[in-house]
Amino acid sequence: MGLFQARRIKILLITSLLALAVVSVGLFFWGKQLDLKPKRALSLLPTNVDMHLRGVNYTEVKEGRDEWTLKADAMRYSKFNQLLHFDQVEIVLLNASQGRILVSGEKAKYDRKAKMVKLIGHVLIHNIEGYRLTANELIYKVDTKLLLVPGRFKIMGPKLTLDGRDLTLDVDSRRLQIGREARALFDST
C-alpha cells in the first residue's frame, strides 16, 4: 500500500465520520422537533374545544388523600358549559374510617364548578354493609360528601327491605334520612 493510498483512506474515513456526525446531529434535532409538535398542536386548538375520550379513570384528591374515583367507558367534555358527561359509570366513594361505597349507573354528569356528580339510569349502590340501593337518579355533592336520591329508591339487605322517596346519605357518618313515603319490611330470622 502506497503513501497516496493510505492518505486517500484517511480522507475517506474522516469524510465518513464527519458525514455520520452531521447525520447524527440532524437526527437529534429532528427528534427534538417531534417532541414539540404535540405541544404546538395542542396550543393551536381553540379554547372552546370539546373532547371525547374512551376508557376514563378519574380520581379526585383532597389534601393528599383520594376522595373518590370514577371509571367510565367514555367521557365527553363540553367547554361551553364546563360539564363532563360519562357513559357506563362506576364510582368509588372513599372514607378512611369506614371503607368504600360503590356506585354505578348508565350515565353521569360532573359539574366541576358546582362540585356535583349526577348519575342517571339504573343507579346501584352496593357494599354498604351488605345492603344494595337502587334508584333511577342519584346526586353526589363532592364538598359535603352527601348522596341524594331525588325520587323513588329501594334498599335491600340481609334483614331489611326499605323503599321510599327522597333519600339523603352522609358518606362519612353513614347517616340516612328519608324524605317521604318510607316503607320498611324487617326479617326477624
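This one's a predicted model, so the numbers in the text were calculated from it and none came from an experiment.

**As for unusual backbone geometry**
Then step 1. You will see that Gln88, though not glycine, has its phi angle at about 50°, which is positive.
Then step 2. Checked against the element boundaries, Gln88 lands in strand β3 (residues 83-95).
Then step 3. Phi at His122 is positive, roughly 45°, even though this residue is not glycine.
Then step 4. Tracing the sequence through the fold places His122 in strand β5 (residues 116-128).

**Looking at the confidence of the model for the chain**
Then step 1. With 85% of its residues at a pLDDT of 70 or more, the chain shows a mean pLDDT of 81.
Then step 2. Of all helices and strands in the chain, the one with the weakest mean pLDDT is helix α1 (residues 3-44) (68), whereas strand β6 (residues 131-141) scores best (93).

**Remarks on the packing of aromatic side chains**
Then step 1. Under the criterion given, the structure shown has four aromatic pairs.
Then step 2. Geometrically, the ring pair formed by Trp68 and Tyr140 is edge-to-face, given 6.3 Å between the ring centres and 75° between the ring planes. Highlighted residues: Trp68 in strand β2 (residues 65-78) and Tyr140 in strand β6, separated in sequence by 72 residues.
Then step 3. Among the aromatic residues, ring-to-ring pairing joins Tyr58, Trp68, Tyr110 and Tyr140 into one connected group.

**Focus: the environment of Arg165**
Then step 1. Take Arg165: it is sitting in strand β8 (residues 160-170).
Then step 2. Sequence separation between Arg165 and Arg183 is 18 residues; the distance between their C-alpha atoms is 9.8 Å.

**Re the environment of Asp66**
Then step 1. Mapping Asp66 onto the fold places it in strand β2.
Then step 2. Sequence separation of Asp66 and Leu93 is 27 residues, and the distance between their C-alpha atoms is 9.1 Å.
Then step 3. Not counting residues within four places of it along the chain, the set of residues in contact with Asp66 comprises Thr59, Glu60, Val61 and Leu94.

**Section: the nonpolar core**
Then step 1. Membership of the largest hydrophobic core comes to 33 residues, with the highest contact counts inside it found for Trp68, Phe86, Ile91, Leu93, Val103 and Val117.
Then step 2. Residue assignment for this core shows that the elements contributing at least two residues are β2, β3, β4 (99-111), β5, β6, β7 (146-156) and β8.
Then step 3. Look past the residues within four positions of Val117 in its chain and what remains in contact with it is Trp68, Ile91, Ala108, Lys109, Tyr110, Leu138, Ile139, Tyr140 and Val142.

**Digging into the pattern of salt bridges**
Then step 1. Using the criterion set out here, one finds nine salt bridges in the structure.
Then step 2. Residue Arg183 is joined to Asp163 by a salt bridge in which the shortest nitrogen-to-oxygen separation is 3.0 Å. Highlighted residues: Arg183 in strand β9 (residues 176-186) and Asp163 in strand β8, separated in sequence by 20 residues.
Then step 3. Here Asp163 falls in the buried class, since its relative accessible area comes to 16%.
Then step 4. Ionic pairing is found between Asp166 and Arg180, a salt bridge with its closest N-O pair at 2.7 Å.

Procedures and definitions
- Residues numbered from 1 in each chain as written.
- Predicted model: local features only at pLDDT ≥ 70, side-chain atom pairs only at ≥ 80, totals over all residues.
- Heavy atoms only, no water.
- Helix = DSSP H or I, 4+ residues; strand = E, 2+ residues; numbered from the N terminus.
- pLDDT = per-residue confidence, 0-100.
- Phe/Tyr/Trp six-rings, centres within 6.5 Å; stacked < 30°, edge-to-face > 60°.
- Contact = heavy atoms within 4.5 Å.
- Core = buried A, V, L, I, M, F, W, Y, C linked by side-chain atoms within 4.5 Å.
- Buried < 20%, exposed > 50% of the residue type's maximum accessible area, 1.4 Å probe, protein only.
- Salt bridge = Lys/Arg side-chain N within 4 Å of Asp/Glu carboxyl O.

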